[in-house]
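Chain and residue survey
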Amino acid sequence: MKFKEKIITIAVVFVLLLLMAGFGAFKPAAASKKSGEADITTDPKAEAAKVTSLAKLKKLGGIESRMPENSAFVFFQSTLGTKLSSYKAYGSNEETLCALRSGDIDAMWACDVTADYICKKNADLTILPTEDMSDIENMDIPRLKFGMALKDDEKHRKLCEDINLAMKKMRENGKMDVIVSRYIENADAMAEDNKEIPIITEADMKSKDLKGDTIYVGISGAVEPLELLDNDRNPYGFCVAFMDEIGVNLQRKVKFVVLDNETIFTSLMSGRIDLVFTYGTGNVTVEGKKNYIMTDGYYTMDRYQFVVKK
């Protein structure tokens, strides 16, 4: 090889080496992780999804309640720890889910038992992680317990005492655990052709044939699966099985009255019903002077959850 050609070859190799160094070809291999050393390697896509899931939640919706929309907007914005642009209340869980799927809202709030049930029944939905939400959402203590609300008068104070005694008996003989397991924890398995967990309706109630006075129970279907309504708005599942056992214990008939969640308390105060079956109260529930009383709790809610599309 001529001297001139050697010089050109060396120059080309030198340039190539410089280019390779610029692209990191000669960077030293990463040191192996020492025992006990934290692994700081992250998946950028997974990390981005975690950060933006809550950040992208702007339009929130939920079922109508005694809380006005503007109050719910402030409450859930504080709970989430992010800035919402809007809040919309709907007449039922079905309407809220339609709004979620159509994009009218980004997420649907629900108590944890309802959110879990909805996601088990709908493969296209999931629950938003709570880690990045406010401390209010991530408290260690349960947010509330579900119990029955009754009007605060002599007649219903007596009924409240009787119901509490009946529930105590149900806890002691194990029937409370059986009903909760069958009709709440495994509620998504209920079907007409399911022999293990068959649907229980008012027609199946033992208490309907009793001769005692009737207990009129108000439900709205807002807190699934504690309250479930079929396509004809007839109750089934946990509320039926639970109140039937109460009726048998008290030797009284039980009759369900299906009402709107927003106005169910008006019916309670007017005497149309004897109790609201599903009402939550607890250490973090703040209300003014109460004109109702509560039974002992029969199911605990740890926190609100937010259902989103996958």
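Let us look at the structure shown here. Residue positions are counted from 1 within each chain, in the order its sequence is given. Local features in this predicted model are restricted to residues whose pLDDT is 70 or higher, and side-chain atom pairs enter the listing and the counts only when it is 80 or higher, whereas totals over whole chains, interfaces and linings include all residues. Values shown for side chains rest on all heavy atoms present in the structure; no hydrogens or waters enter the calculation.

A closer look at the overall build of the protein chain
Working definition: helices are DSSP H or I runs of at least four residues, strands are E runs of at least two. Numbering for both runs from the N terminus. Secondary structure assignment for the protein chain yields nine helices and 13 strands. Burial classification: accessible surface area is computed with a 1.4 Å probe over protein chains only, and a residue below 20% of its type maximum counts as buried, one above 50% as exposed, and the rest as partly exposed. Burial status across the protein chain gives 40% buried among its 310 residues. Contacts in the protein chain between residues at least 24 apart in sequence constitute 77% of all its contacts with a sequence separation of at least 6. Surface accessibility follows the Shrake-Rupley procedure with a 1.4 Å probe radius. Residue values consider only the protein chains on display as shielding. Total accessible area on the protein chain is roughly 18000 Å²; 53% of this is exposed by carbon and sulfur atoms. In what follows, a contact means two residues having at least one pair of non-hydrogen atoms within 4.5 Å.

Remarks on the nonpolar core
The biggest cluster of nonpolar side chains holds 63 residues, and the ones touching the most others in it are Leu60, Met148, Phe238, Phe242, Phe277 and Phe306. Among the elements that line this core, the one with the most residues is helix α8 (residues 238-250), at seven residues. In contact with Phe242, not counting residues within four places along its chain, are Met148, Met167, Met170, Met176, Ile179, Phe277 and Tyr298. Listed in part, the 12 residues of the second largest apolar core include Ile105, Ala115, Leu125 and Val307. Put simply, buried Ala, Val, Leu, Ile, Met, Phe, Trp, Tyr and Cys residues joined by side-chain atoms within 4.5 Å make one nonpolar core.

Some points on the side chain of His156
Relative to the assigned elements, His156 resides in helix α6 (residues 154-173). At 2.8 Å, the side chain of His156 and the side chain of Asp153 are in polar contact. If we skip the residues at most four places from it in the chain, His156 touches Leu150, Lys151, Asp274 and Ile293. Identification of polar contacts relies on pairs of N or O atoms within 3.5 Å, with a donor-acceptor requirement for protein atoms, meaning one able to donate a hydrogen and the other able to accept it, and with residues adjacent in sequence counted only if both atoms are side-chain atoms.

Quick notes on the packing of α6 against helix α7 (residues 175-185)
Look at α6 against α7: their axes get within 5 Å of each other, and the N-to-C directions meet at 85 degrees. For the element pair α6 / α7, the angle class is roughly perpendicular. Within the contact between the two elements, α6 uses Met167, Met170, Arg171 and Asn173 and α7 uses Lys175, Met176 and Ile179. Fitted lines through C-alpha atoms give the axes, limited to the stretch in contact for helices. The angle between two N-to-C directions lies from 0 to 180 degrees. Should an angle fall under 35 degrees it is called roughly parallel, over 145 degrees roughly antiparallel, and 65 to 115 degrees roughly perpendicular, with every other angle called oblique.

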